[in-house]
Amino acid sequence: MKNQDFTTSIIVDQKPSDVYNAILNVRGWWSGLYGESFEGSSEKISDEFSFLAGGGMHYSKQKLVELEQDKKVVWLVTESNLTFLENANEWQGTRISFELYPEGEKTKVVFTHIGLVPEFECYDSCAPAWKGYVEDQRLNLG
């Protein structure tokens, strides 16, 4: 069966180590669209941070669960309160993943929200938001 998790990818003009460090700085890329705020950190395994956006419509807490230097970053969503949904904790238990692949002097970034599937109520609004952060803002990498 085909994987239905939301995924998108971009190619950026930075080397994997620079992209990896930028992704760990969630305040740098997961902001600028919906009045976001953050608490906590995301630099080493088990670090946790909370994300609030849309005037309180989106709250989630993420725990850093997987790191492969210059290759992969994965957060587990441990709490979610998406007040615009009937099932406000729909994100809880999903994973936010970045995989990095060198392509010459550039890096291919594959973003996947594991568990965010078309059957989720959030999918039709969350998928375009992820595209905004990852594709349109290019992770604020340029």
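Provided above is the structure to which this section pertains.
Below: a short report on this structure. (Residues numbered from 1 in each chain as written. Predicted model: local features only at pLDDT ≥ 70, side-chain atom pairs only at ≥ 80, totals over all residues. Heavy atoms only, no water.)

Quick look at the environment of serine 37 now. With respect to the element layout, serine 37 can be found in strand 2 (residues 37-40). The class of serine 37 is partly exposed, set by a relative accessible area of 35%. The sequence separation of serine 37 and phenylalanine 51 amounts to 14 residues, and the corresponding C-alpha distance is 5.9 Å. Serine 37 has contacts with Ser50, Phe51 and Leu52, leaving out every residue within four places of it along the chain. (Helix = DSSP H or I, 4+ residues; strand = E, 2+ residues; numbered from the N terminus. Buried < 20%, exposed > 50% of the residue type's maximum accessible area, 1.4 Å probe, protein only. Contact = heavy atoms within 4.5 Å.)

Another point: the packing of aromatic side chains. Here the structure, examined in full by the defined rule, presents 20 aromatic pairs. Ring geometry for tryptophan 30 and tyrosine 133: centres 6.5 Å apart, planes at 85 degrees, overall edge-to-face. Highlighted residues: tryptophan 30 in the loop between helix 2 (26-29) and strand 2 and tyrosine 133 in helix 3 (residues 123-136), separated in sequence by 103 residues. In terms of burial, tryptophan 30 and tyrosine 133 fall into one category: buried. Summarising the aromatic geometry, the rings of phenylalanine 38 and phenylalanine 49 are spaced 6.3 Å apart at their centres and angled 45 degrees between planes, so their arrangement reads as tilted. With a gap of 11 residues between them, phenylalanine 38 in strand 2 and phenylalanine 49 in strand 3 (residues 48-53) connect regions that are remote in the sequence. Like phenylalanine 49, phenylalanine 38 is buried. (Phe/Tyr/Trp six-rings, centres within 6.5 Å; stacked < 30°, edge-to-face > 60°.)

Quick look at the side chain of threonine 107 now. Within the fold, threonine 107 resides in strand 7 (residues 106-114). A polar contact is formed between the side chain of threonine 107 and the backbone oxygen of glutamine 14, at a distance of 2.6 Å. Sequence-distant contacts of threonine 107, defined by excluding residues within four places in its chain, comprise Ile10, Ile11, Val12, Gln14, Lys15, Pro16, Val19, Leu100 and Tyr101. (Polar contact = N/O pair within 3.5 Å; in protein donor to acceptor, adjacent residues only side chain to side chain.)

Reading across the sheet, the seven strands line up as 1-7-6-5-4-3-2 and stay open at both edges, with antiparallel pairing between neighbours. The sheet is open, and its two borders are formed by strand 1 (6-12) and strand 2, each paired with just one other strand. Pairs of neighbouring strands in the sheet enclose a mean axial angle of 20 degrees, with direction left out of account. Bridge count for strand 4 (residues 58-68) against strand 5 (residues 72-82) is 10 bridges, and the pairing is antiparallel. Its bridge partner lying in strand 5, serine 60 is registered against serine 80. Sheet strands in contact with helix 1 (residues 16-24) are strand 1, strand 4, strand 5, strand 6 (95-103) and strand 7, and its direction is about 165 degrees off that of strand 6. Here helix 3 sits on the sheet and contacts strand 1, strand 3, strand 6 and strand 7; the angle it forms with strand 1, its principal contact strand, is near 10 degrees. (Pairing = 2+ DSSP bridges. Axes fitted to C-alpha atoms, helices over the stretch in contact; angles between N-to-C directions.)

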